[in-house]
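Examining the three-dimensional arrangement
Chain by chain, the residues:
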Amino acid sequence: MTDWWVNMPSGALAANAGLDMVMPGDNSYNSGVSYFGPALQTAVNNGQVSQARLTDMATRILASWYLLGQDSGYPSVNFNSWNSGGSHVDVQGNHKNIIRQIGAASIVLLKNTNSALPLKNPSTIGVIGSDAGPNPSGPNSCSDRACNTGILAVGWGSGTADFPYLVDPLSAIKARAPSATVTSSLSDSDTTSAANAARNKDVAIVFISADSGEGYLTVEGNAGDRNDLKAWHNGDALVAAVAAVNTKTIVVVNAVGPIIMEPWINNANVVAVVWAGLLGQEAGNAIVDILFGDVNPSGRLPYTIAKQASDYGAAVQTGGGTVNYSEGVFIDYRWFDK
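**A few points about the overall build of the protein chain**
When you go through the protein chain residue by residue, the secondary structure sums to nine helices and 10 strands. Overall size of the protein chain, expressed as C-alpha extent along the three principal axes, is 80 × 50 × 30 Å. Here the analysis covers contacts within the protein chain between residues at least 6 apart in sequence; of these, 66% occur between residues at least 24 apart. Put simply, the protein chain shows about 18,500 Å² of open surface, and 52% of that area lies on carbon and sulfur atoms. Separation of charge centres in the protein chain, based on 18 positive and 27 negative side chains, amounts to 10 Å.

**Here's the deal with the pattern of salt bridges**
Counted under the stated rule, the structure contains six salt bridges. One salt bridge in this structure joins Asp20 and Arg60, with 2.7 Å as the shortest N-O distance. Taken together, the positions of Asp20 in the loop between helix 1 (11-16) and helix 2 (38-45) and Arg60 in helix 3 (residues 51-67) put the pair 40 residues apart, joining distant regions of the chain. A residue is classified by how much of its surface remains accessible, and Asp20, at 12% relative accessible area, is buried. Note that Asp289 and Arg100 form a salt bridge whose closest N and O atoms lie 2.8 Å from each other. In this pair, Asp289 is assigned in helix 8 (residues 283-291) and Arg100 in helix 4 (residues 95-106), connecting sequence segments 189 residues apart. For Asp289, a relative accessible area of 8% gives the class buried. Exposure remark for Arg100: the relative accessible area of 30% places this residue in the partly exposed category. Because the salt bridges share partners, they merge into one network encompassing Asp20, Arg53, Asp56 and Arg60.

**Things to note about the side chain of Ser185**
Tracing the backbone shows Ser185 in strand 5 (residues 181-185). Within the structure, Ser185 has its side chain in polar contact with the side chain of Ser193 (distance 2.9 Å). Other than its neighbours up to four places away in sequence, Ser185 contacts Val127, Ile128, Gly129, Asp190, Ser193, Ala194 and Ala197.

**Let's talk about the layout of surface pockets**
If you add up the space inside the largest pocket, you get close to 960 Å³. If you go around the largest pocket, you meet 31 residues; those closest to its centre are Leu229, Ala314, Ala315, Val316 and Gln317. When its residues are assigned to classes, the lining of the largest pocket shows 16 nonpolar, 10 polar and five charged.

**Topic: the sheet that holds strand 4 (residues 124-128)**
With mixed pairing, the six strands of this open sheet are ordered in space as 3-10-9-6-4-5. At either end of the open sheet lies a strand with only one pairing partner, and these are strand 3 (108-112) and strand 5. Each neighbouring strand pair of the sheet contributes to a mean axis angle of 15°, computed without reference to strand direction. Running over the sheet, helix 6 (residues 191-198) touches strand 4, strand 5 and strand 6 (203-210) and is turned about 170° from strand 5.

**Quick look at the packing of helix 6 against helix 7 (residues 235-243)**
Helix 7 packs onto helix 6 with a crossing angle of 40° between their chain directions and a minimal axis gap of 8 Å. By the criterion of interaxial angle, the relationship of helix 6 to helix 7 is oblique. The way helix 6 lies across helix 7 gives a crossing that is right-handed. Where helix 6 approaches helix 7, its residues Thr191, Ala194, Ala195 and Ala198 are matched on the opposing element by Ala237, Leu238, Ala241 and Val242.

What counts, and at which threshold
- Residues numbered from 1 in each chain as written.
- Predicted model: local features only at pLDDT ≥ 70, side-chain atom pairs only at ≥ 80, totals over all residues.
- Heavy atoms only, no water.
- Helix = DSSP H or I, 4+ residues; strand = E, 2+ residues; numbered from the N terminus.
- Contact = heavy atoms within 4.5 Å.
- Areas by Shrake-Rupley, 256 points an atom, 1.4 Å probe, with all protein chains shown as cover.
- Lys, Arg positive; Asp, Glu negative; His and termini not counted.
- Charge placed at Lys NZ, Arg CZ, Asp CG, Glu CD.
- Salt bridge = Lys/Arg side-chain N within 4 Å of Asp/Glu carboxyl O.
- Buried < 20%, exposed > 50% of the residue type's maximum accessible area, 1.4 Å probe, protein only.
- Polar contact = N/O pair within 3.5 Å; in protein donor to acceptor, adjacent residues only side chain to side chain.
- 1 Å grid on protein atoms, 1.4 Å probe; cavity = no way out; pocket = protein on both sides within 12 Å on 5 of 7 lines; lining within 4 Å.
- Points joined across faces, edges and corners; volume = space filled by probe spheres on them.
- Nonpolar A, V, L, I, M, F, W, Y, C, P; charged D, E, K, R; others polar.
- Pairing = 2+ DSSP bridges.
- Axes fitted to C-alpha atoms, helices over the stretch in contact; angles between N-to-C directions.
- Parallel < 35°, antiparallel > 145°, perpendicular 65-115°, else oblique.
- Left-handed = near helix turned anticlockwise from the far one by under 90°.

What follows is the structure, given as structure tokens:
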């Protein structure tokens, strides 16, 4: 099966090479022309593709239908993705528990000076950064999640789905530490407010993020891929403002991939760094499970975080043009080990 709108010399050649299905059907968006469909029928009729190969294609596609028993006693389809019709069926069950468990298990503890984590019953907590709070317009307010407002729990693009709900870290912290006084500043630009929220607190937790997604959508000037490896929304300055007034500053990073942390990673007042990645609907609860020691952080990074962007074997290139992959197999850790 192809990815969406893959180019190929001809449908007949692809079918004979083993392709069973083209997606989503047409050659390009809304063209109405397909490499298969009538073109495949013509190819079979003129002998370019054998009838046996056509039967094999159909058999391979339908095999899973019968394997899963969908031909007999299987629940009927209850929705149409094209017109949002149909009835809603709640199939969540206890899935939230698994999502929370997976989220906490994936979190990576990058720094923990003098066992700053887990938190030991702090009486006052400062929570700073828009990434700590909810999207004021709701978690599904941006089409295909094409915004970075509130807790970043998923990237953007055609593969996204609506959140049934989204637990933000601020709410989760308040629920986990009901006896603590929690002061928050959810503005990323107001570093004065951030410092005030952090000052004289037992612990200050700064939430920063970096987002990306599919190229048909542009978010804050980022057309799919990120323009650079910096934290979004003034993240570095936010950390600096908090660390300047609180000797027990914890940084939580919700990011799609590496960011450059050199502006603050070695700051003595930044005593812990929690790499949370993208945690889905239970994001806040999963982070709290790590912060308060309910789950031991055991995640491992799936990529290398460099000290500067130029340390990587490839650089971001914008504006089109030819990309020469001269690094060969030496990507990520292989490049650094080279």
